[in-house]
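Notes for the structure review
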Number of protein chains: 4
Amino acid sequence: MTLLITGGEVVGPTGRFAADVLVDGEKISALLAPGTGPADSAKTIDATGKLVIPGGIDVHTHMKLPFGGTFASDDFDTGTKAAAHGGTTTIVDFAVQRTGEVVQDGLAAWHALADGNAHIDYGFHMIIGGVDDDALKAMDQLVADEGVTSFKLFMAYPGVFYSDDGKILRAMQTARENGATIMMHAENGIAIDVLVAQALAKGQTDPVYHGITRPSILEGEATHRAIALAQVARDTPLYFVHLSASEALAEVAAARATGRNVFAETCPQYLYLTLEDQLGAPGFEGAKWVASPPLRPRDESHRDDLWRGLRTNDLAIVSTDHCPFCMKDQKELGLGDFSKIPNGIGTVEHRVDLVYQGVAEGKLSVERWVETIATTPARMFGLYPRKGVIAPGSDADIVLYDPNGRTTISAATHHMNLDYSAWEGVEIAGKVDTVISRGEVLVDRDGTYHGRKGRGRYLKRGLSSYLR
Amino acid sequence: MTLLITGGEVVGPTGRFAADVLVDGEKISALLAPGTGPADSAKTIDATGKLVIPGGIDVHTHMKLPFGGTFASDDFDTGTKAAAHGGTTTIVDFAVQRTGEVVQDGLAAWHALADGNAHIDYGFHMIIGGVDDDALKAMDQLVADEGVTSFKLFMAYPGVFYSDDGKILRAMQTARENGATIMMHAENGIAIDVLVAQALAKGQTDPVYHGITRPSILEGEATHRAIALAQVARDTPLYFVHLSASEALAEVAAARATGRNVFAETCPQYLYLTLEDQLGAPGFEGAKWVASPPLRPRDESHRDDLWRGLRTNDLAIVSTDHCPFCMKDQKELGLGDFSKIPNGIGTVEHRVDLVYQGVAEGKLSVERWVETIATTPARMFGLYPRKGVIAPGSDADIVLYDPNGRTTISAATHHMNLDYSAWEGVEIAGKVDTVISRGEVLVDRDGTYHGRKGRGRYLKRGLSSYLR
Amino acid sequence: MTLLITGGEVVGPTGRFAADVLVDGEKISALLAPGTGPADSAKTIDATGKLVIPGGIDVHTHMKLPFGGTFASDDFDTGTKAAAHGGTTTIVDFAVQRTGEVVQDGLAAWHALADGNAHIDYGFHMIIGGVDDDALKAMDQLVADEGVTSFKLFMAYPGVFYSDDGKILRAMQTARENGATIMMHAENGIAIDVLVAQALAKGQTDPVYHGITRPSILEGEATHRAIALAQVARDTPLYFVHLSASEALAEVAAARATGRNVFAETCPQYLYLTLEDQLGAPGFEGAKWVASPPLRPRDESHRDDLWRGLRTNDLAIVSTDHCPFCMKDQKELGLGDFSKIPNGIGTVEHRVDLVYQGVAEGKLSVERWVETIATTPARMFGLYPRKGVIAPGSDADIVLYDPNGRTTISAATHHMNLDYSAWEGVEIAGKVDTVISRGEVLVDRDGTYHGRKGRGRYLKRGLSSYLR
Amino acid sequence: MTLLITGGEVVGPTGRFAADVLVDGEKISALLAPGTGPADSAKTIDATGKLVIPGGIDVHTHMKLPFGGTFASDDFDTGTKAAAHGGTTTIVDFAVQRTGEVVQDGLAAWHALADGNAHIDYGFHMIIGGVDDDALKAMDQLVADEGVTSFKLFMAYPGVFYSDDGKILRAMQTARENGATIMMHAENGIAIDVLVAQALAKGQTDPVYHGITRPSILEGEATHRAIALAQVARDTPLYFVHLSASEALAEVAAARATGRNVFAETCPQYLYLTLEDQLGAPGFEGAKWVASPPLRPRDESHRDDLWRGLRTNDLAIVSTDHCPFCMKDQKELGLGDFSKIPNGIGTVEHRVDLVYQGVAEGKLSVERWVETIATTPARMFGLYPRKGVIAPGSDADIVLYDPNGRTTISAATHHMNLDYSAWEGVEIAGKVDTVISRGEVLVDRDGTYHGRKGRGRYLKRGLSSYLR
Ligand SMILES: [Zn+2]
Ligand SMILES: [Zn+2]
Ligand SMILES: [Zn+2]
Ligand SMILES: [Zn+2]
Ligand SMILES: [Zn+2]
Ligand SMILES: [Zn+2]
Ligand SMILES: [Zn+2]
Ligand SMILES: [Zn+2]
């Protein structure tokens, strides 16, 4: 059963060229000079005028994450279906272990959530919320047997996910041995909790104080500290999630300039939105954008610096930190106390578009767009060349993107299970045209959805391609 | 007439995957899942166990360059034949204009040198030795009509190629308008000439004083200055040739960290050889390694820093600055006066191997090897995707490289017209296996050479892919 | 009762000039053009050929400190007598509060130790080992009423003196309000404890492992973190004690370059001694030099960088961290387990000499010598112009120093209560000639000691002169 | 003949203390505890409530400088009288040598200008406009015999004072041997001249284009270059005059952070005035502020950075670059062509006040005020301890400054020979109260002037106190 994509321009991280792509079953079987494909393909898609790119890979999602007494509103069914609509054909979600829990139990629970529900392929990172001897041993086992090769630690959320510097160091030492990557939530949560308590004591309860009590200097501090600890652990590969602040970027850039195994992602919210404009919206409106780290002050250099970091590769990846909570019954838990607002923003459906908008505005090359949303995610997290590249033998995860199309984002039209949109009314100068997952068209040009829950498969991942 | 390369592993800048490559005439026509190629190919090459990479591109050569009263010993015949033997299938050589000369005449002279002589494809940069109104106008014409889109200026060699800062600024302004790239020889030649005169006055005439009178701080200085001038010229694309010094690298890295259009190459000699070990060899032996900038002191950080720069992409390209002079009758012109030794080292045949040796030693990934010797040269100098990538529609310039082979460098076996080797006895843990240029096998596995002078074609180049 | 010092050269931080100094009672009453003093002085000291400098001020001593089940071997009697012999006429010692203790009780205990025992004047810093609401209130009271205007916190020694980042932040906020200076022991003790446990588990019990388990990167990390926290606390004045590492110095320098209220001291041991040469001495010998932070590796840049830091004023002060423990019965507590060796080195007697040796070796100007051992300590800790300067109205704390003298350090001759010398056999190209405290000659030229316990007075200190 | 100054507070670079000052003839004879001075002084001045500081030293003036076909409007009579009114009791002016001229002749010419005319003491730097063998020999002679120990070179003004990098290097090498300090006008004049010609060709002739054609990046560039050349000359002491730009300050700070012999001054105009507000004033008004380097853009960081540099000592001195030209007949030479406007601003009378205003506004400590206007100038240029300090044996150059006074600057009241004021209407929250030069009251409290031309003496200067 073959599929021929003709007339498009294949775009990869180092350039673009006209080529036809032949798919055989679930795999890409050939890249061909335009017009030289077999005449007898079962199906042909005309990609004239379209960019042919590897399917998007979102390496930071939290389907059904329990947080503050509720759960992220997207499950693996709704969340991956929304992702597919937005041109993302793979996610890597975070399984969770907490203090005292068995790591493998946490992984099993996440398999149970995903199994039979996902519309697209998925892998798991593991959150290690309780570093101890057992958890460290489990890290080895997950790398060796389970295809889980990356572990997230938290420098924030004391009493929930927080690891102190000694625990972080031990986990890093373990990762240095087994080849895994340490992912870090870098905010100094101990200091932040003092600021939060002081704010609440002063009656500063509105959502904007969520941002004010988490100053960017404390993200920069934690970033520096994690880099130092990783150096003590003989340059453990270290990946900063959801980097939001100029100070943090400067630390990452300084480490990278010395050749260190240090990497980072940012998220669309930090590239576009601000503390004043969104988090500081009147009344309780700002709760829509409560996430950690928070949106940063408009008049500081953060957004410009992050776009520049994407250009210079000090920021390697754009992921979403997709963690949606509805306003009703969920965000509302924090009415009168910002510290009770569930943390998270839902963007899994819009990432490919939102980064493309940077291309349209001249902030990023089209090659870096592909690299930051697909190729580097695959290489960083052990999915390459199965995913992230248009090449013979790779999974036929392909997106046709229309640079002349137009997309308007709205809660009225999105597919996420979320009663508002953090991006309401945002316009994109481009459009997801066709989405193909393992050779199967999930979204076709007229927008019809052909996917179904359960077709997505678990991906056992290898080690990072960037490991030195 | 088709050629099928089977069983190999295609390596590109962002990864590697098993694929067969089908060549039709001069072009690559398809990349195919292994074993799925047509059974009826006119010719098949078994690439099992070999790396299949785009042909090497050496963007810095000086065939037949006049220097100090003599000429570089390789012409386009001998030099490009030697290049082909070493896995390089494209060169970009430097045509020369001097003060008072017409730029277009210089270009015509270089066409005359190359025409009918080259074994592989070639393009030209233009050295502008005399910046004036006519030369600036000529730059526009060369970009528009001649496929010459990069211009080299010199901050060294007063009275020969030297441009003062005002001339440099004007040329940069012109390039900013027409899209060309300014290539810079960054050494403070005015200060160096004082040091040279002082050394000679003290009787310090041996080759090692060539290095001592050109301290690395003066390469760093010139690099900083050129970056500042390019900023005044609104971020003209600026490419530093033959970067040799930690100080210069630090300036490039600092500029790149701010997102500037600043790029650099280094050369194998700076990655491996030293002032003490080679330039300071007994007697007149050191003359073999007299080049500018000079080899740097062994106990300083230069070599480690350059390898790190290749990893971090602060150094984008490895080229050779191939400019060979024989010891006899040429280097000997400087017996008793190091300042009269013709400047240059011949390496065009060994670049692909010498950088691969860094892969073998764990200093560089195999992907960065391909990127620095082929893909980035093509993208930087407007040859992509015709050159520098294994993709349908690209020229079938392909090298099969044997990671299990072994190469020993010697004047006794090299193909350059040079009576010594700067790399005598050096061993490489890899081997150029097969070299294909536009679909034609130039060097086959048993070492037989099938090329011929005159088959190489002139390449009109476009603008840099990196231009912002 | 007057004293006239004639013929000497007065040296201050910004220069030197010939002048006679007239003392009236406890105070300096005049600086006079040479030879113009009153003929009828009760006493005259001929200072011809001598440098006349303000008495040394050692702002970091630990008389009788309880540590690891024993007490520092010098008390206020022996320790201040030794200090006087070495040209130090003022110390600022650390009173101690621990978790759960009342700050004022700790201060009272230190008054009890010093009262009636000190030979020279003294002040107190306060160690806050247990930051809580009461301790924060006590800080205000000590600043307002007790002349204690500086508070030391620890990022090391979990379970003993350690404050977490939230406690540090709260103490900094309090200091920002009341004008006090926060003094910081900057080592990441949480991570260090992991390394210590791992070393002991591997049987690495020798003294050298004390140094190996406290890598300099963890001092740099803590330094960066404290600077960030002080920034969150709106640039609280922050003073790093016993800075030992290049990484830490770089952080201080970076903060100072932006104009921040960040200061640091180093100690003689970090300027001269090394991990290999002293801490790594055979057998248990290295225990003599166990202190925290530890001596640093010989072949790294630490010592050169620290001397440079003294020149550039990124290091403002040299103090001793005088905390002596005898080998017998004290250091020996750590036989077979380096982590049980009491931490500390005794140097209070040799600081003025050891820094002068830097002058003799051309590493420091004679002006900076005076500034780092006397003037800046006075200004930094609220004692200026009472102490630290030769000026009318100041306390007549004066040292005559002989730049042509010679001093050999030995346990056989020192006055500290310590059964070994960390500086055994070290030669100084200079000599403390005469030491005067509040107009009274304590040590005269022939070495006779005229001081006595109990003559030293408590100094209520003001706020730092450097406060912005 | 004695003079007693009672009741004041003596302020020096490291602190302040109450003391009376006794003057005997031309010298300070004693500093005395308040109220302890001799009852029989010939004269007593009550300094109650006043700051008693060393007389100001302005190390950058250009009396009668020939420039662009005219001469600076102040001569040694008018200029030094004005200086005295403003609390400056010493100047160091620039004697001039041009290409082909004999250095000693230039010095003699300046002696002729000053001799019999100066109201206050003065020294000379030497401008070397034509570096050649003779000039280099002359530098040795001036250092050895003439008390001229500092030499200014220009990286700007090609064809007038400009030295190329080879000449600069040679002069630096000479200075490194004889101990002199190289003073540098750091602007890339070769590049600037291109920008000037381009602006004029476009009809951009207004004064503001003087600033626009001298971008700060070209001051930063030249600063970096001079620092590099001084490093090649084995760390020749290097002093940047009239530093105006953030980029230049960053280069100085970076060099100083490594311990280099690099120093800089700034001038009041760069601390307060801007390209838009002054140089861009309507019509030809901006000509009043045409100087090189130019005033910098208001919305860039220059002024804040310069104030911070004064605090951190990366800027050591505030001098004026006093070089006044009247609007009538002088500045007017540039009507219709900004490049013909004589370069210079007149501030010699207001420096002490303008820097004090920074104290009043909390930007600088009172100690740094004294250090930057008096003590460091003396130490930097070999006048210490004769000048720059209130100490026995020093020249009795003393200023009483009233921190409660108020000064308004206006051409109507100033004493400079200048038909406008660059500071018209500026208010100072302080006032020069009494000015004493070598024991003689030049300006008394009611403003009466007691000085006279010819009383000022030539100062043979020694080497810099900062020389390493
Ligand atoms: Zn997180
Ligand atoms: Zn997350
Ligand atoms: Zn060159
Ligand atoms: Zn070249
Ligand atoms: Zn401590
Ligand atoms: Zn201590
Ligand atoms: Zn100047
Ligand atoms: Zn000037």
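Residues numbered from 1 in each chain as written. Chains lettered and ligands numbered in written order. Predicted model: local features only at pLDDT ≥ 70, side-chain atom pairs only at ≥ 80, totals over all residues. Heavy atoms only, no water.

All names here are of chain A. Judged by pairing direction, the sheet is mixed, and its six strands sit side by side in the order 3-2-7-18-21-22 without closing on themselves. Each end of this open sheet is capped by a strand with a single partner; those strands are strand 3 (15–18) and strand 22 (440–443). Adjacent strand axes in the sheet meet at a mean angle of 30°, parallel and antiparallel pairs treated alike. Summarising the sheet, strand 7 (residues 51–54) and strand 18 (residues 398–402) pair through four bridges and their orientation is antiparallel. By the bridge assignment for strand 18, L51 is matched with Y401. (Pairing = 2+ DSSP bridges. Helix = DSSP H or I, 4+ residues; strand = E, 2+ residues; numbered from the N terminus. Axes fitted to C-alpha atoms, helices over the stretch in contact; angles between N-to-C directions.)

Residue and element names in this part refer to chain D. Here V103 shows up in helix 2 (residues 103–114). Assessed through its relative accessible area of 3%, V103 is described here as buried. Put simply, V103 and V435 are 332 residues apart on the chain and 35 Å apart in space, counted from C-alpha to C-alpha. Excluding its chain neighbours within four sequence positions, the residues that come into contact with V103 are Q97, M126, I128, A135, A138 and L142. (Buried < 20%, exposed > 50% of the residue type's maximum accessible area, 1.4 Å probe, protein only. Contact = heavy atoms within 4.5 Å.)

Before going further, it helps to spend a moment on the environment of Y122 of chain D. As for its placement among the helices and strands, Y122 of chain D is situated in strand 12 (residues 121–128). Taking the C-alpha atoms as reference points, Y122 of chain D and V194 of chain D, separated by 72 residues in sequence, lie 38 Å from one another.

Turning our eyes to something else, we now look at the coordination of the zinc ion (ligand 7). Note on metal sites: the ideal angle is 109.5 degrees for four tetrahedral donors, and 90 or 180 degrees for six octahedral donors. All names here are of chain D. Donor atoms from the polypeptide that bind the zinc ion (ligand 7) are K152 (NZ), H185 (ND1) and H242 (NE2), placed at 2.1 to 2.3 Å. Written as a sequence motif, the donor residues of the zinc ion (ligand 7) are K-x32-H-x56-H. Separating the zinc ion (ligand 7) from the zinc ion (ligand 8) is a gap of 3.7 Å. With K152 in strand 13 (residues 150–154) and H185 in strand 14 (residues 181–185), this pair connects stretches of sequence that are 33 residues apart. Taken as a pair, K152 and H185 share a single burial class, namely buried. (Donors = N, O, S within 2.8 Å, 3.2 Å for Na, K, Ca; no water.)

For these two chains of identical sequence, chain C goes onto chain D by a turn of 180° and a shift of 0.0 Å along the axis, with RMSD 0.0 Å. Both copies of the chain, as the preceding transformation shows, are related through a two-fold rotation axis. Residue L31 of chain C of chain C places its C-alpha closer to the rotation axis than any other residue of that unit, at 2.5 Å. Most of the interface of chain C is mirrored in chain D, where 100% of its interface residues are also at the interface. (Least-squares fit on C-alpha atoms with pLDDT ≥ 70 in both.)

As annotated by UniProt and renumbered to match this structure, "domain: Amidohydrolase-related" (unreviewed entry) occupies residues 51–441 of chain A. Counted over residues 51–441 of chain A, helix gives 37% and strand 18%. Its end C-alpha atoms are 16 Å apart. (UniProt positions renumbered as here; feature names shortened; annotations may be inferred.)

To continue, consider the coordination of the zinc ion (ligand 4). Residue and element names in this part refer to chain B. Looking at the metal site, the zinc ion (ligand 4) is ligated by H60 (NE2), H62 (NE2) and D321 (OD), spaced 2.0 to 2.2 Å from it. Here the donor residues of the zinc ion (ligand 4) share one chain and are spaced in sequence as H-x1-H-x258-D. The distance between the zinc ion (ligand 4) and the zinc ion (ligand 3) comes to 3.7 Å. Placement of the pair is H62 in the loop between strand 8 (56–61) and strand 9 (66–67) and D321 in the loop between strand 17 (317–318) and helix 12 (351–360), with a sequence separation of 259 residues. Here H62 falls in the buried class, since its relative accessible area comes to 4%.

This paragraph deals with the sheet that holds strand 6 (residues 43–46) of chain B. Strand order in the open sheet formed by eight strands is 6(A)-1(A)-4(A)-5(A)-5(B)-4(B)-1(B)-6(B), and the pairing between neighbours is mixed. Of all the strands in the sheet, the pair left with one neighbour each is strand 6 (43–46) of chain A together with strand 6 of chain B. For this sheet, the mean inter-axis angle between neighbouring strands, taken without regard to orientation, is 15°.

What follows concerns the interface of chain C and chain D. In this complex, chain C contributes 29 residues to the contact, which on the side of chain D involves 29 residues. Across the chain C/chain D interface, buried area totals approximately 2,100 Å², and carbon plus sulfur atoms make up 58% of it. Considering only the side of chain C, the residues that lose the most area to chain D are T14, F17 and P392 of chain C, jointly responsible for 27% of the buried surface there. At the junction of chain C and chain D, the tally comes to zero salt bridges. Taken together, chain C and chain D are joined by nine residue pairs in polar contact (both at pLDDT 80 or more). For the side of chain C that touches chain D, the secondary structure elements donating two or more residues are strand 3 (15–18), strand 5 (27–32), helix 8 (246–257), helix 11 (302–312) and helix 13 (366–380) of chain C. Looking at side-chain class alone, the side of chain C that touches chain D contains 13 nonpolar, eight polar and eight charged residues. Note: strand 5 of chain C against strand 5 (residues 27–32) of chain D, three bridges, orientation antiparallel. If you follow L32 of chain C over to strand 5 of chain D, its bridge partner there is A30 of chain D. (Buried area = accessible area lost by both parts, 1.4 Å probe. Salt bridge = Lys/Arg side-chain N within 4 Å of Asp/Glu carboxyl O. Polar contact = N/O pair within 3.5 Å; in protein donor to acceptor, adjacent residues only side chain to side chain. Nonpolar A, V, L, I, M, F, W, Y, C, P; charged D, E, K, R; others polar.)

Okay, the relation of the copies chain A and chain B next. Of the two same-sequence chains, chain A is brought onto chain B (RMSD 0.0 Å, axial shift 0.0 Å) by a rotation of 180°. Most of the interface of chain A is mirrored in chain B: 100% of its interface residues are interface residues there too.

Once that is clear, we can look at the nonpolar core. With 658 residues, the main nonpolar core has W369 of chain A, W369 of chain B, W369 of chain C together with W369 of chain D as its most contacted residues. Both domains that furnish three or more residues to this core are identified here as domain 1 (2–53 + 387–404 + 428–443) and domain 2 (55–380) of chain A. Those residues in contact with W369 of chain A, other than ones at most four positions away along the chain, are L51, I53, V352, V355, Y356, V359, L364 and Y401 of chain A. (Core = buried A, V, L, I, M, F, W, Y, C linked by side-chain atoms within 4.5 Å. Domains from an automatic or database assignment.)

What follows is about the interface of chain A and chain B. Much of the literature gives interface size as the accessible area that the parts lose upon coming together. Of the residues lining the interface, 29 residues belong to chain A; the matching set on chain B comes to 29 residues. Here chain A and chain B share an interface that buries about 2,100 Å² over both sides, 58% of which is from carbon and sulfur atoms. Summed over the three residues of chain A that lose the most area to chain B, namely T14, F17 and P392 of chain A, the buried surface amounts to 27% of that side. The interface formed by chain A and chain B holds zero salt bridges in total. For the interface between chain A and chain B, the tally reads nine residue pairs in polar contact (both at pLDDT 80 or more). Put simply, the parts of the chain that give the side of chain A that touches chain B at least two residues each are strand 3, strand 5 (27–32), helix 8 (246–257), helix 11 (302–312) and helix 13 (366–380) of chain A. The residue makeup of the side of chain A that touches chain B, split by class, is 13 nonpolar, eight polar and eight charged.

Nothing in chain B touches chain C; the tightest C-alpha to C-alpha distance between them is still 14 Å. For chain A and chain D, which are not in contact, the least C-alpha distance works out to 14 Å.

All names here are of chain A. For chain A, the assigned domains read domain 1 (2–53 + 387–404 + 428–443) and domain 2 (55–380). Here domain 1 and domain 2 have C-alpha centroids that lie 31 Å from each other. At the interface, 27 residues of domain 1 touch 27 residues of domain 2. Both sides of the domain 1 and domain 2 interface together cover about 2,000 Å² of buried area, and 66% of this is carbon and sulfur. Here domain 1 is connected to domain 2 by two salt bridges.

So, on to the side chain of Q330 of chain D. All names here are of chain D. Tracing the backbone through its elements, the reader meets Q330 in the loop between strand 17 (317–318) and helix 12 (351–360). The exposure class of Q330 is buried, given its relative accessible area of 10%. At 2.6 Å, the side chain of Q330 forms a polar contact with the backbone nitrogen of C326. Not counting residues within four places of it along the chain, the set of residues in contact with Q330 comprises T70, F71, S73, P324, F325 and P342.

Looking now at unusual backbone geometry. Residue P293 of chain B is reached from S292 of chain B by a cis peptide bond, and omega for that bond is -5°. Note that P293 of chain B resides in the loop between helix 10 (275–279) and helix 11 (302–312). For the bond running from Y384 of chain B to P385 of chain B, omega is 0°, close enough to zero to count as cis. With respect to the helices and strands, the residue P385 of chain B is situated in the loop between helix 13 (366–380) and strand 18 (398–402). Its identity is not glycine, yet D329 of chain A carries a phi of approximately 70°, on the positive side. Relative to the helices and strands, D329 of chain A is located in the loop between strand 17 (317–318) and helix 12 (351–360). D329 of chain A sits in the exposed class, given a relative accessible area of 53%. Within the chain, Y157 of chain D stands out as a residue other than glycine whose phi angle is a positive 60°. Counting through the fold element by element, Y157 of chain D comes out in the loop between strand 13 and helix 4 (165–178).

Turning our eyes to something else, we now look at the pairing of strand 4 (residues 20–24) of chain D. Residue and element names in this part refer to chain D. Of all the five residues making up strand 4, four are buried; the element is thus mostly covered by neighbouring parts of the structure. Here strand 1 (residues 2–6) runs beside strand 4; their pairing, made up of four bridges, is antiparallel. Note on strand 4: the bridge partner recorded for T2 is D24. Pairing geometry for strand 4 and strand 5, over five bridges, is antiparallel. Along strand 5, the bridge assignment pairs L22 with A30.

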